[in-house]
Amino acid sequence: MPTVSVGRDLFYTALGRTYTQDEFEELCFEFGIELDDVTTEKAIIRKEKHLKEDEDIAADEEIIYKIDVPANRYDLLCLEGLVQSLRIFLGIDSVPNYTLSDISKQSMLKMHVKPETSVIRPFVVCAVLRGITFNEARYNSFIDLQDKLHQNICRRRTLVAIGTHDLDTIEGPFTYEALPPSEIEFKPLKQVETFRADKLMEFYKSDLKLKKYLHIIEDSPVYPVIYDSKRRVLSLPPIINGAHSAISLKTKNVFIECTATDLTKAKIVLNTMVTMFSVYCERKFEVEPVEVIYPDGKSHICPQLSPYDMDVSLSYINGIAGVTLEANKVAGLLNKMQLYAKQKKPSSTADECIFTVSVPPTRSDVLHACDVAEDVAIAYGFNKIPKRMPTSIKPLPLNQFSDLIRTEIALSGYLEVLTWILCSYKENFQMLNRKDDKSTAVIIGNPRSADFEVVRSSLMPGILKTVAHNKDHPKPIKIFEVGDISVLDESKDVRARNYRQVAALYCGATSGFELIHGLVDKIMQVTGTSFVSPGDNTGYYIKRSDEPEFLSGRQASIIFKGKTIGTFGIVNPQVLENFDIPDPCSFVEFNLESLL
């Protein structure tokens, strides 16, 4: 979950009262957020710069609260949003009524979109905050919200990039264009010299913050750019704004533009920015709209701040939340969560109670009736909801069987681990002495990291990595995992299928073939599978195998009803060396579904 850092004293001042830490933690729990850490500005700087406690730094001892918020609550990513939501939750304030300035379409600022933008970043939305008053805390919160949105809903600027500008330094109408980098020249933010766009990309390759965004456009033949009427560059999205229109503490009118590859996300981001900071405008909660004109002649007025309505029945809310509440109680709980609920007039006394719920522009996370029911449950209090067993839901046989096997292996002294279902290509093959036959493993097409290139086709890499990271742990190490693997299967519509596997490992100086063999026999015994002679298909038996991940002559295949379902033995020393494990290990892995 995202973490928001706020100064405690400033936060309490905005809330209108002070709390003890226990009281504040209780308030956070009731609202569905969590106080993650209490620190100071000095402590944060020391941690970032790896300084010792006795080293003096120029920072105050202000108490900082680090608060975890839900990832889909973009309105809680800044102090303003947290304060507003908590004050409404506590009944101090009512839900704000966000409005657009009453200006004619002819008087609105215009943003003209050129057709070339369609090949790289086709959408743009804009708005103006008039008469805003910044101080240092508000300004820092404004910038911090942009950064958090960029990392969250904007997906590191790939979906949306936010540009904020001092409107008094630029003149509309504005144009959103896409030009060859050699034709774009401007002075970027916090720089003193002018750069051509292609040279600018080279310049920022050494910048720790901006270099991670360069890949978004650097291979494109055209770069997106926004100009004002005098051809002054406002921004080169999604990389950097121009220095000419930089905002400051003295800025009174802020022009906000969001360029995007996803129009829905862009609208959410713009709404979040303007609703959170319109509270500081001369006309509180009022936003000036901007007309965006596309190459086909169609125009759109943004932002769109009108609430949208959805109908939700009282029985649905009570059923999802697991409570029995009266209509008036539900309406009051929804108001605490910024959702205005009005009961529809029934056409007859037998009709069901239906609410029309108005969702404000700050609550972009409310998409379905179940989200409304969730907010009722949060406002009512999760701890107050009675616990009950579902009456119509039964566990899948495979999951129920898996739980029984977990219990039996744990009773044998093994500790359960849970490892990643994705691993590197090298770990899945080369480090296990296995060759890729190109017909088994599901390969990730565009992995974000070398650690997650393949969907595991065995539980063995994760188990061995767990031991490697805990090799200093007292021996023996006895661990197991019950989990899914994935292999290619052309008969399936998704060209792959999952299998439920069981794997266990014994690591220690005396780790031998007989130890893991004993665990295999124990599992077979508790599942009612008898040991039979080779060739008998009524039970299970073992026979010599020759798998490269095991030591030759100290391994065996498990044959169940005539089919090989797994292998166990002493792990090959070369495999142990590949994973940097110094002690001998015995290992077993087999298909659990075969025993069901």
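To continue, consider the sheet that holds strand 3 (residues 63–68). On the basis of which strands lie adjacent, the open sheet formed by 3 strands has the order 1-3-2 and antiparallel pairing. Two strands lie at the open edges of the sheet, namely strand 1 (3–7) and strand 2 (34–40), each paired on one side alone. Sheet twist, expressed as the average angle between the axes of neighbouring strands with direction ignored, equals 25 degrees. Direction of pairing for strand 1 relative to strand 3: antiparallel, over a ladder of 5 bridges. Across the sheet, Thr 3 pairs through a bridge with Asp 68, a residue of strand 3. Relative to strand 2, helix 2 (residues 21–31) is tilted by about 145 degrees, and along the sheet it contacts strand 2 and strand 3.

A few words now on the side chain of Lys 148. Along the chain, the position of Lys 148 falls in helix 5 (residues 136–151). Exposure remark for Lys 148: the relative accessible area of 19% places this residue in the buried category. Contacts of Lys 148, omitting those with residues within four sequence positions, involve Thr 3, Val 4 and Leu 77.

Okay, the side chain of Glu 257 next. For Glu 257, the location among the structural elements is in strand 14 (residues 254–260). Buried Glu 257, no salt bridge; nearest opposite-charge side chain is Arg 121, N-O distance 8.0 Å. At 2.9 Å, the side chain of Glu 257 forms a polar contact with the side chain of His 165. Discounting residues that sit within four places of it in the chain, Glu 257 has contacts with Val 125, Cys 126, Ala 161, Ile 162, Gly 163, His 165, Ile 226, Ser 235 and Asn 241.

Taken in spatial order, the 7 strands make up an open sheet running 20-24-25-29-28-27-26, and their pairing is mixed. Across the chains shown, the open sheet's two edge strands, defined by having one partner strand only, are strand 20 (415–416) and strand 26 (540–544). As paired elements, strand 26 and strand 27 (residues 550–560) share 5 bridges and run antiparallel to each other. Bridged to Ile 542 within strand 27 is Ile 558. On the sheet, helix 14 (residues 513–526) packs against strand 25 (496–507), strand 26, strand 27, strand 28 (563–571) and strand 29 (585–591) and is oriented at approximately 150 degrees with respect to strand 28.

With that settled, consider the packing of helix 8 (residues 314–321) against helix 10 (residues 369–380). Viewed as axis vectors pointing N to C, helix 8 and helix 10 meet at an angle of 60 degrees, and their least axial separation amounts to 9 Å. Helix 8 and helix 10 meet at a crossing whose hand is right-handed. Residue-level inspection shows Tyr 316, Ile 317, Ile 320 and Ala 321 of helix 8 in contact with helix 10, the latter providing Ala 369, Cys 370, Val 372, Ala 373, Val 376 and Ala 377. Classifying every residue of the contact of helix 8 with helix 10 by side-chain character gives 10 nonpolar, no polar and no charged.

Below, the discussion takes up the state of the cysteines. Taken as a whole, this structure holds 0 disulfides when the rule is applied. There is no disulfide at Cys 258, and the cysteine sulfur nearest it, in Cys 154, is 7.2 Å away. On the basis of relative accessibility, which here comes to 0%, the residue Cys 258 falls in the buried class. Free of any disulfide, Cys 302 has its nearest cysteine sulfur in Cys 126, 5.4 Å distant.

This model, assessed by the stated rule, comprises 20 aromatic pairs. A centroid spacing of 5.7 Å and a plane angle of 55 degrees characterise the contact between Tyr 12 and Tyr 19, whose relative ring orientation is tilted. Taking NZ or CZ as reference, Lys 384 lies 5.9 Å from the ring centre of Tyr 380, over its face. Taking the ring centre of Tyr 414 as reference, the NZ or CZ of Lys 478 above it sits at 5.0 Å.

Attention now goes to a negative patch on the surface. A cluster of acidic residues, Asp 22, Glu 25, Glu 34, Asp 36 and Asp 37, forms a negative patch on the protein surface. Per-element accounting of the negative patch gives the leading share, 3 residues, to strand 2. Mapped onto the fold, Glu 34 is located in strand 2.

A cluster of basic residues, Arg 155, Arg 156, Lys 212 and Arg 448, forms a positive patch at the surface. Note that Arg 155 resides in the loop between helix 5 and strand 7 (160–166).

Analysis parameters
Residues numbered from 1 in each chain as written. Predicted model: local features only at pLDDT ≥ 70, side-chain atom pairs only at ≥ 80, totals over all residues. Heavy atoms only, no water. Pairing = 2+ DSSP bridges. Helix = DSSP H or I, 4+ residues; strand = E, 2+ residues; numbered from the N terminus. Axes fitted to C-alpha atoms, helices over the stretch in contact; angles between N-to-C directions. Contact = heavy atoms within 4.5 Å. Buried < 20%, exposed > 50% of the residue type's maximum accessible area, 1.4 Å probe, protein only. Lys, Arg positive; Asp, Glu negative; His and termini not counted. Salt bridge = Lys/Arg side-chain N within 4 Å of Asp/Glu carboxyl O. Polar contact = N/O pair within 3.5 Å; in protein donor to acceptor, adjacent residues only side chain to side chain. Left-handed = near helix turned anticlockwise from the far one by under 90°. Nonpolar A, V, L, I, M, F, W, Y, C, P; charged D, E, K, R; others polar. Disulfide = S-S within 2.5 Å. Phe/Tyr/Trp six-rings, centres within 6.5 Å; stacked < 30°, edge-to-face > 60°. Lys NZ or Arg CZ within 6 Å of the ring centre and 35° of its normal. Patch = residues over 30% accessible without salt bridge, like charges linked within 9 Å, V, L, I, M, F, W, Y side chains within 5 Å. Areas by Shrake-Rupley, 256 points an atom, 1.4 Å probe, with all protein chains shown as cover. Charge placed at Lys NZ, Arg CZ, Asp CG, Glu CD.

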